[in-house]
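A structural walkthrough
The residues making up each chain are set out below.
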Amino acid sequence: MARLFVEEQNFLEKMCDEKETLEQESFYWVDITQDFFEAIKELELGELVHDELFGLFDAMSAIEMMDPKMDAGMLCNRGNNKPYTFSQAADNGIIKLDGLTPSEIIGIIDSTYACIVSWLEGHSLAQTVFTNLYLHQPDQIIDKTLKTFCYAVYKIIEEIRECIIKASVYEEEDFQSVMYGGYKLQPDITEQKTTSMLREVEEELHRKSRIKPVDDETEREYNDGLALYARIRFTKMFYQILTLMGRKEQLQLNLSGSQRLLSNCSDMIQVIIKTISRGIKADEITNHPNVMGFDPMINQRLLPPTFPRYTKIKPRVEALEYIDELINRFKTVTKITSYTSFHAALDFFLEFSRQSPCILSRSMLQIVYLPSVNRVFGVHNFIDILRDAARNFIAPPALLPKSSLLQNTQAKECVDKFLAHCASFFAILLQTTGHNRARQRDRLAYLFENCAALQDEAERVDSFMHTLSLKSDTPRPHLACFGTWILYHTLRVMVMYLLSGFELELYSVHEYHYIFWYLFEFLYGWLVSAITRADTFIIEQDMHNEQQKGRSSKKSAKSKKKKATPRPYYLEILLYQAMQNICGGFYKALVGFRMDDRIPLPEIQFDCERVRYEHRLLPFSSLITPPPVHYKKFIEMTNAQMYRNEKNSSETQYFDGCRHFHQAKNMLDRALELNPANPNTVNEINDLLKVAKTNFIVLKLLSGGHKKDSKEPPIFDFSCHQHFPIIKLP
């Protein structure tokens, strides 16, 4: 005891000494506020002061004190309101466990859905859904409707979380899957029991809705009851949709049932949006629902020891509109079953991704189409899907039904091994389309190494198949069939990669010219060449088959008509040629603008075009076909167009660009005459037509000397098309 007393005395003496030292040193503190503001006047807008003890990493990690978005303590320390637990809130009468009015339950349900939507946008469960105290102990709730809804919310969260984790196409900014201590997703309540409870409450509310009102008071209760009935019915169907679409067994039957439920959900969500005023009012200015049962600070101590993300709960109306859009996207996902070919399915994935869907709908598409990558639409192996895709694309002799190569064991093993490697690549490509648009670009850059390996293997397989074909009794050429197929997809990925830079606004205007040049001179040209080769090879195969059958003396008019039909890839070739000309028009226009000094360039001391060029095209360096175009080659090919002389003036560049846009317009008009079956293709053609026509007029004016002396930079408007802008002159 005495020793403890002595140690305590020593500690107190030490603290007193440190306090005296601090008081003595406090004389040297100087207020630098005024000096600081005087010093920063010398900095230009955007300039930073760098110190060896305070670099960029420290600046990004710093907390701006007193800023609610960065300093979590600001929100915690506002006021003296102490968060109540579920038990404390119930004991103090802050929340009611029984006797809730329909208006109160409607407010709680709508606010809970707003929290679920905020969770789907990347916030944590602790800061969104679990701020609802009723979800902490739903078994203690006496009101049957609210209790059943709380159990259903747990099961909905469980299904959503399992779906997103299973698809594995989310990033940290998309979704937080972490479950916090003390919250369990009610494992003792089965799917059947949850659905049964919801159906029972739904039927009870439906019976009450049959009682007609007799006065204003009963009419208000009647309308509140109908609004509550719509919410419980929607919750039941929404939960059933999540369970059916995420189930592997009987996929086709489940999707058929989901389509009916989705249609009913759309009707119910419209009723919910119209009756949102039936719920108790919520002050949404605070960025968090303040209806009974919600406390934004209840889980603050459960957050990890990092800077928490500032959480803003969506307003009720916006959240319900978000769910309405989610239901419509689910309807689109179910249409994947109608795309039996792999190429059509891949186009569907790409088109769906362009709409920037939410993480849940992206994940659901992955699960519906690729439950295990081994069973899609009754086909027992993903390799069989790719075999059909390659056969339909270019009809390699090694894959044709009556080919003698199919009887050769070595040839069969070689093709199967190649397709197995293709299955891995295309599965990754499909999964890549499920990520958000920014992450897609990063993942596409890593795919080019796999493309190079597949191209090399395809070349060896083609060579081996060609050798075996020449040795067979019925020799049929097998020249670069698999190589053309892989090259076609490689070029599409390369185009996607470059165009995504416009969509993500990564390029500066002074970089546009070599991006459009690369697309115009190489990628679209190679793409047209590859698909034309496939088109020609299929025609030759059809002619070969006709010759094998022998010429009949009686030729029907039907066979003649068949020979006169358009080529199989005529529409696709037209579209790619039109895009090639559009890129050519942009390149010529940008060269003209640079010659007229209308494109702002970086300061010379901070500019190195070669570094920027190589940085933008670096992922292509791993490919052999098409060969990467180095900066030196780019300068050699474009340098002549930059000379300022009478024969090659800016007006000449504008005229050439005008001609390219005119050719693109004519090709797109012919494409529309073919009446494409896909409405997305029609919309794409119409958007490209608007771009081509408008830019044709602008460049025609410039080629005639319009605003020749103006140095105002042009405006590139991407509102019509996310990749190809409309040029506007200020």
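As the structure is a prediction and not an experimental result, all values here were calculated from the model.

Let us now look at the packing of aromatic side chains. Going through the model one piece at a time under the given rule, you end up with 42 aromatic pairs. On the numbers, 6.0 Å between centres and 85° between planes, the contact of Phe448 with Tyr497 is edge-to-face. Placement of the pair is Phe448 in helix 16 (residues 437–471) and Tyr497 in helix 17 (residues 481–503), with a sequence separation of 49 residues. Phe448 gets classed as buried once you look at its relative accessible area, which sits at 0%. Note on Tyr497: relative accessible area 7%, which makes it buried. Plain terms: the ring middles of Phe586 and Phe724 are 6.4 Å apart, the flat faces sit at 10° to each other, and that makes the pair stacked. Note that Phe586 is positioned in helix 20 (residues 570–595) and Phe724 in the loop between strand 1 (715–717) and strand 2 (726–728), a separation of 138 residues in sequence. You can call Phe586 buried: its relative accessible area is 0%. An aromatic cluster is defined as three or more aromatic residues linked by ring pairs; in this entry it consists of Phe448, Tyr497, Tyr514, Trp517, Tyr518, Phe522, Tyr613, Phe620, Tyr631 and Phe634.

Turning next to a nonpolar patch on the surface. Taken together, the side chains of Phe36, Phe37, Ile40 and Leu43 present a nonpolar region at the surface, about 350 Å² in accessible area. Residue position: Phe36 is located in helix 2 (residues 33–39). On the basis of relative accessibility, which here comes to 48%, the residue Phe36 falls in the partly exposed class.

Before going further, it helps to examine the nonpolar core. Counting residues in each nonpolar core, the largest one holds 202 residues, and the members touching the most others are Trp485 and Phe724. Per-element tally for this core: the top contributor is helix 18 (residues 512–549), with 18 residues. Apart from the residues lying within four places of it in its own chain, the contact partners of Trp485 are His343, Leu386, Ala389, Ala390, Phe393, Phe418, Leu419, Cys422 and Phe426.

When pLDDT is averaged across the chain, the result is 84; 83% of the residues are at 70 or more. Note on residues 1–9: pLDDT under 50 across the span, and zero contacts to partners over four residues away in sequence or across chains. The model gives residues 552–565 a pLDDT under 50, and that stretch makes one contact with residues more than four places away or in other chains.

About the cut-offs
Residues numbered from 1 in each chain as written. Predicted model: local features only at pLDDT ≥ 70, side-chain atom pairs only at ≥ 80, totals over all residues. Heavy atoms only, no water. Phe/Tyr/Trp six-rings, centres within 6.5 Å; stacked < 30°, edge-to-face > 60°. Helix = DSSP H or I, 4+ residues; strand = E, 2+ residues; numbered from the N terminus. Buried < 20%, exposed > 50% of the residue type's maximum accessible area, 1.4 Å probe, protein only. Patch = residues over 30% accessible without salt bridge, like charges linked within 9 Å, V, L, I, M, F, W, Y side chains within 5 Å. Areas by Shrake-Rupley, 256 points an atom, 1.4 Å probe, with all protein chains shown as cover. Salt bridge = Lys/Arg side-chain N within 4 Å of Asp/Glu carboxyl O. Core = buried A, V, L, I, M, F, W, Y, C linked by side-chain atoms within 4.5 Å. Contact = heavy atoms within 4.5 Å. pLDDT = per-residue confidence, 0-100.

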